[in-house]
There are 2 protein chains.
Amino acid sequence: MVKIGVDIISGESDIKDLIKGCVDAVKEEDDIEVVAIGKKELFSPFLKQKSFFWWDNSKNMNRISILDASEVITMEDNPLRALKEKKNSSIVVGLEAHKRMEIDAFFSPGNTGAIVVAASIIMGRTKGVKKPALATVVPNRAGKVNLLLDVGASAECDVNDLVKFAIMGRIYFREMLGVRNPKIGLLNIGSESHKGSALLRETHKRLSAMDVNFIGNVEGRDIFIDKADVIVADGLNGNNTLKVMEGTAQTITAILSQSIKSDPMATIAIPLYQNAIKKLKEILDPETYGGVPLLGMNGNIFIGHGTSGRKAIKQGILAAAKAVRHDLLGNINRRLEELHLVS
Amino acid sequence: MVKIGVDIISGESDIKDLIKGCVDAVKEEDDIEVVAIGKKELFSPFLKQKSFFWWDNSKNMNRISILDASEVITMEDNPLRALKEKKNSSIVVGLEAHKRMEIDAFFSPGNTGAIVVAASIIMGRTKGVKKPALATVVPNRAGKVNLLLDVGASAECDVNDLVKFAIMGRIYFREMLGVRNPKIGLLNIGSESHKGSALLRETHKRLSAMDVNFIGNVEGRDIFIDKADVIVADGLNGNNTLKVMEGTAQTITAILSQSIKSDPMATIAIPLYQNAIKKLKEILDPETYGGVPLLGMNGNIFIGHGTSGRKAIKQGILAAAKAVRHDLLGNINRRLEELHLVS
């Protein structure tokens, strides 16, 4: 059995949807147990309505239990202050349960900053790792995906941090996406090794000397092609990259929609165009790939988007369960030791 | 008269197109003189064919002259080495003419790195400025434009550099885009002042204390909305932002095209869609706004995209002429002095 703690009160979606996501996950995979973390009184009514789950197998029902947490850290809360003041929040309660090994992984669609800070304080970091990294999957034009990290956990990084992001990202990509020898790229503003900042030049040198299948610098436009599997950046550049992608996508679809609608011939074309936009959203939707792993912590922690609904919660649980089964953490630890990077 | 030196041999487009762009510019504005910089023998044949210019006003013809430069710095050349080895290149010849005040501005669609390095060596920097910045216009969804700088001249910046980018960007926006009191935003990964790196936090503090209409941090997605007029970033983040925009735009239009074409109903819709894509490209096309200014140099220097054709050359010349007429350089110098930032 793989026991996944799921924070069902920190997200922005309806709690019903989140619980349905938990149910979907235990239905999908026999070895998953979900510990739903939240206010007991919010959750209990649903457990009594079996019909709510569209499901009548009481054996499966036993694989969902509740861990009571009475407080919510909101998206607006200041992380440090919230952790001090809300000891009974689902994020603190969940991470403490993970630390006590009552759950094998923790998944939350809550305040990213609060989860990163709480995980650092409660669970601590993997041996040898100073800065954690959030790794997100970006679909590429070849129909595959690339992994970009860090996308916002660590705004300021040194060479050692970036080298460890490369190693953690590689193990994650190998174990979770089944690619035997993932290619590492370094996000920079030119392909030549002398490009970019001193930090990037030095990181380029270090990665080139290591056995990590380093293919060199990649540029912002290469994120969407099948060049590197894992793309390493500091949290500032990585997070900005995601936000620019989002803004560009919104802007382009807005301009195209307007332009198509303003064409007098376009009435017939609008449904086709909307269909295409829908497909685009599916491809770009991070929910398809479950939560985003917070790598470098002494635990299996996945963070979902605040708006995560039923599908995203299910995918997040499945991803967390896979990480546990593949001993992601053990693999990362062993690889860092092999490369003498734990001290 | 405003005398603009135009490098007509470093770009990738046909020389005919570049010369047509020069002709278009002097036709459009009476006070512009163009000094075309390049191999005399390439240019002279066109001067003899009056019909080539679609234009029969010999008075205007006198406003185009040639400055001979026999060598070309290619896009692949290493900037420093090229400057040492190609003393007769159009970039070196043009910048030296600018330094001797034989031309009031220099515009080149050549190797950006080489132009930045050559300008630093030949012309030097504006008093008080240590790092130059390339500033590019980004159209926003409100139908206006924002200015993003630096987009690649200075990968590594300190607080003083970013503060000066803000001031130079503001003067540029005011003089060139006619906005009386442009709003400054700092590109960061969150709106709160404590977000981002130490560099960004300190820059936020400095800009907040200055009389520069600073509206605080803006995020990658805010580049496309009417929030800040001038968005300040170091060259690493700024250049990566441009490349991510480019990659996202290509990916989205590719996915949408494919999706529309694969729809059996879509035959009628394809021309409409292609029309919309064409409009999109026009809006996003940096050529519409002329060359990109290299701010912080002791001269008026504009850089065009390597593929700049007739329209881009014309627009670049018009932009450079406007910068000269508005005494961009003098305005920047005076403002830096007023703020005691010249020492």
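See the structure above.
Described in the following lines is the structure provided in the data block. Since the model is a prediction, treat every value here as computed from it, not as a measurement.

**Some remarks on helix H1 (residues 15-28) of chain A**
Side chains three or four residues apart in an α-helix point the same way, a direct result of the helix having 3.6 residues per turn. All names here are of chain A. Over its 14 residues, H1 extends 20 Å from the first C-alpha to the last, a length consistent with the 20 Å expected when each residue adds 1.5 Å. Counting buried positions along H1 gives 10 out of 14 residues, so the element sits mostly inside the fold. Residues Ile15, Leu18, Ile19, Lys20, Gly21, Cys22, Val23, Asp24, Ala25 and Val26 constitute the buried set of H1. A distance of 2.8 Å separates the backbone nitrogen of Lys16 from a side-chain oxygen at the start of H1, and that oxygen is part of Asp14.

**Digging into the sheet that holds strand S8 (residues 214-218) of chain B**
Residue and element names in this part refer to chain B. Strand order in the open sheet formed by 11 strands is S3-S2-S1-S4-S11-S10-S5-S6-S9-S7-S8, with mixed pairing between adjacent strands. Of all the strands in the sheet, just strand S3 (64-68) and S8 have a single pairing partner and so form its edges. Averaged over neighbouring strand pairs, the angle between their axes works out to 25° when direction is ignored. Relative to S8, strand S7 (residues 184-187) runs parallel, the two sharing four bridges. By the bridge assignment, Leu187 is partnered in S8 with Val218. Packed onto the sheet, helix H5 (residues 90-99) meets strand S1 (2-7), strand S2 (32-38), S3, strand S4 (105-108) and strand S11 (301-303) and runs at close to 165° relative to S4.

**A look at helix H12 (residues 328-338) of chain A**
All names here are of chain A. Looking only at H12, the buried set comprises Leu328, Leu329, Gly330, Asn331, Ile332, Arg335 and Leu336. Buried residues belonging to H12 abut helix H7 (159-177), strand S10 (292-295) and helix H11 (310-325). In the segment just after H12, His340 is the residue with positive phi, at about 55°.

**Digging into the nonpolar core**
Ranked by internal contacts, the top residues of the largest apolar core, which has 76 residues, are A:Leu95, A:Ile301, B:Leu95, B:Leu294 and B:Ile301. B:Leu95 has contacts with B:Phe106, B:Ile115, B:Ala118, B:Ala119, B:Ile122, B:Met123 and B:Ile301, leaving out every residue within four places of it along the chain.

**Re the sheet that holds strand S4 (residues 105-108) of chain A**
The pairing of strands in a sheet comes from backbone hydrogen bonds and takes either a parallel or an antiparallel form. Residue and element names in this part refer to chain A. Spatially, 11 strands are ordered S3-S2-S1-S4-S11-S10-S5-S6-S9-S7-S8 in an open sheet, and the strand pairing comes out mixed. Each edge of the open sheet carries a strand with a single partner, namely strand S3 (64-68) and strand S8 (214-218). Neighbour-to-neighbour, the strand axes of the sheet open up by a mean angle of 25°, direction not taken into account. Pairing of strand S5 (residues 133-139) with S10, which is carried by two bridges, proceeds in the antiparallel orientation. In the sheet register, Ala133 faces S10, and the bridge partner there is Leu295.

**Focus on the pairing of strand S1 (residues 2-7) of chain A**
Consecutive residues of a regular strand have side chains that alternate between opposite faces of the sheet. Residues and elements named next belong to chain A. The buried count for S1 comes to five of six residues, which makes it a mostly enclosed element. Judged from the six bridges that link them, S1 and strand S2 (residues 32-38) form a sheet pairing that is parallel. Of the residues in S2, the one forming a bridge with Lys3 is Glu33. In terms of handedness, the path from S1 via H1 over to S2 forms a crossover that is right-handed. Pairing of S1 with S4, which is carried by three bridges, proceeds in the parallel orientation. If you follow Gly5 over to S4, its bridge partner there is Phe106.

Cut-offs applied
- Residues numbered from 1 in each chain as written.
- Chains lettered and ligands numbered in written order.
- Predicted model: local features only at pLDDT ≥ 70, side-chain atom pairs only at ≥ 80, totals over all residues.
- Heavy atoms only, no water.
- Helix = DSSP H or I, 4+ residues; strand = E, 2+ residues; numbered from the N terminus.
- Expected span 1.5 Å × (residues − 1).
- Buried < 20%, exposed > 50% of the residue type's maximum accessible area, 1.4 Å probe, protein only.
- Polar contact = N/O pair within 3.5 Å; in protein donor to acceptor, adjacent residues only side chain to side chain.
- Pairing = 2+ DSSP bridges.
- Axes fitted to C-alpha atoms, helices over the stretch in contact; angles between N-to-C directions.
- Contact = heavy atoms within 4.5 Å.
- Core = buried A, V, L, I, M, F, W, Y, C linked by side-chain atoms within 4.5 Å.
- Right-handed = clockwise from strand over helix to strand, strands pointing away.

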